[in-house]
Amino acid sequence: MKKFSPAAGTALASIFAAAIAMTATSAARAADAVEQIPEAPVAIEATAPAFTWSGPYVGLHGGYGWGNGDVDGLSENFDGGRFGGFVGYNWQMSNGFVAGLEGDVNYDWNEEDIGAGIDAKSGFSGSARARLGYAMDRALPYIAGGWTATNVKAGGTVDEEDTLHGWTIGAGVDYAFTDNVFGRAEYRYNDYGSGNFGPANVNFDQHVINVGVGVKF
């Protein structure tokens, strides 16, 4: 009967110990794999671009004008409705201020008898204005001022016409209903200066309320 030598027993013990160590290491790695469950990817929401007032725009407005005309010291009111269109361009700065340029053309329905069989009225008018506002998200309060002019006519026993040039100043607010469509409400004071109806001198100024709608591109 063969007997195991001490060397063989030592070798067998070493192999058994190595097998136990490998089994323990595999079990530990399996446990780590179970514990380290990968996290689900975080969804990244797309952010919409911030609204800006920068760019060109066009629009229509209507309202009412309260005019005062002086003809050689005789004063008469020239009140009536008005309608027109406007076009402009805005530049919005990083600090929220908005600078712009705007032009408009209007027609006023006002005609009055100034005596001696003479009817006077103002008709087409226009202006070129600089604007400065502050953007409060979709609301844009602003002030504006610049040059203005209007055509005045007298008919009846005389037939005279002149174009008066002056200045305009006012304030208003634009509000964007969508990224492209905005509404407007504003007040203006127009001082058209003076002109001539033949030998007579005429001065004309006007207070105006406008409401309108525009499209921004």
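Residues numbered from 1 in each chain as written. Predicted model: local features only at pLDDT ≥ 70, side-chain atom pairs only at ≥ 80, totals over all residues. Heavy atoms only, no water.

Asker: Give a description of the overall build of the chain that names residues and reports values.
Answerer: Within the chain, the regular secondary structure consists of one helix and eight strands. In the chain, the succession of α and β elements from N to C terminus is α-β-β-β-β-β-β-β-β. In the chain, which comprises 217 residues, the share counted as buried stands at 34%. Relative to all contacts within the chain whose residues are 6 or more apart in sequence, the contacts with residues 24 or more apart total 59%. Within the structure as shown, the chain displays about 13000 Å² of accessible surface, and the carbon and sulfur contribution to it stands at 66%. (Helix = DSSP H or I, 4+ residues; strand = E, 2+ residues; numbered from the N terminus. Buried < 20%, exposed > 50% of the residue type's maximum accessible area, 1.4 Å probe, protein only. Contact = heavy atoms within 4.5 Å. Areas by Shrake-Rupley, 256 points an atom, 1.4 Å probe, with all protein chains shown as cover.)

Asker: How would you summarise the layout of surface pockets if you had to cite specific residues and measurements?
Answerer: Left-over empty space is what a probe sized like a water molecule reveals as it rolls over the atoms. Quantified by volume, the largest pocket comes out at close to 230 Å³. Residue lining of the largest pocket: 14 residues in total, with Val71, Ile114, Gly115, Ile118 and Ala200 positioned closest to the centre. Only strand E1 (55–71) and strand E2 (74–92) provide two or more residues apiece to the lining of the largest pocket. Counting residues per element, the lining of the largest pocket draws most heavily on E2, at three residues. Its residues assigned to classes, the lining of the largest pocket shows eight nonpolar, three polar and three charged. (1 Å grid on protein atoms, 1.4 Å probe; cavity = no way out; pocket = protein on both sides within 12 Å on 5 of 7 lines; lining within 4 Å. Points joined across faces, edges and corners; volume = space filled by probe spheres on them. Nonpolar A, V, L, I, M, F, W, Y, C, P; charged D, E, K, R; others polar.)

Asker: Please provide a residue-by-residue account of empty space enclosed by the protein, values included.
Answerer: If you walk through the whole model with that rule in mind, you get two cavities of 30 Å³ or more. Volume-wise, the largest cavity comes out at about 90 Å³. Every residue lining the largest cavity is listed: Gly69, Val71, Phe78, Asn110, Ala120, Lys121, Ser122, Val152, Lys153, Phe197, Val202 and Phe204. Ranked by residue count, the leading element in the lining of the largest cavity is strand E4 (residues 118–134), at three residues. The residue inventory of the lining of the largest cavity, partitioned by class, reads seven nonpolar, three polar and two charged. Each pocket or cavity is described by its volume, and for the second largest cavity that value is around 30 Å³. Lining the second largest cavity are Arg82, Asp104, Asn106, Ser125, Gly126, Ser127, Thr148, Arg188, Asn190 and Tyr192. At the level of secondary structure, the elements contributing two or more residues to the lining of the second largest cavity comprise strand E3 (97–113), E4 and strand E7 (181–197). Partitioning the lining of the second largest cavity into residue classes produces one nonpolar, six polar and three charged.

Asker: Explain the nonpolar core residue by residue, including any values.
Answerer: Counting twelve residues, the largest nonpolar core consists of Val71, Phe78, Ile118, Ala120, Val152, Ala154, Leu164, Tyr192, Phe197, Ala200, Val202 and Phe204. Sorting the residues of this core by element identifies E4, strand E5 (139–156), E7 and strand E8 (200–216) as the ones contributing at least two each. Ranked by residues supplied to this core, first place goes to E8 with three residues. When near neighbours in sequence (up to four residues on either side) are disregarded, Ala120 contacts Phe78, Asn110, Glu111, Glu112, Ile114, Lys153, Ala154 and Phe197. Residues Phe51, Val98, Leu140 and Ala176 belong to the second largest nonpolar core, which totals nine residues. (Core = buried A, V, L, I, M, F, W, Y, C linked by side-chain atoms within 4.5 Å.)

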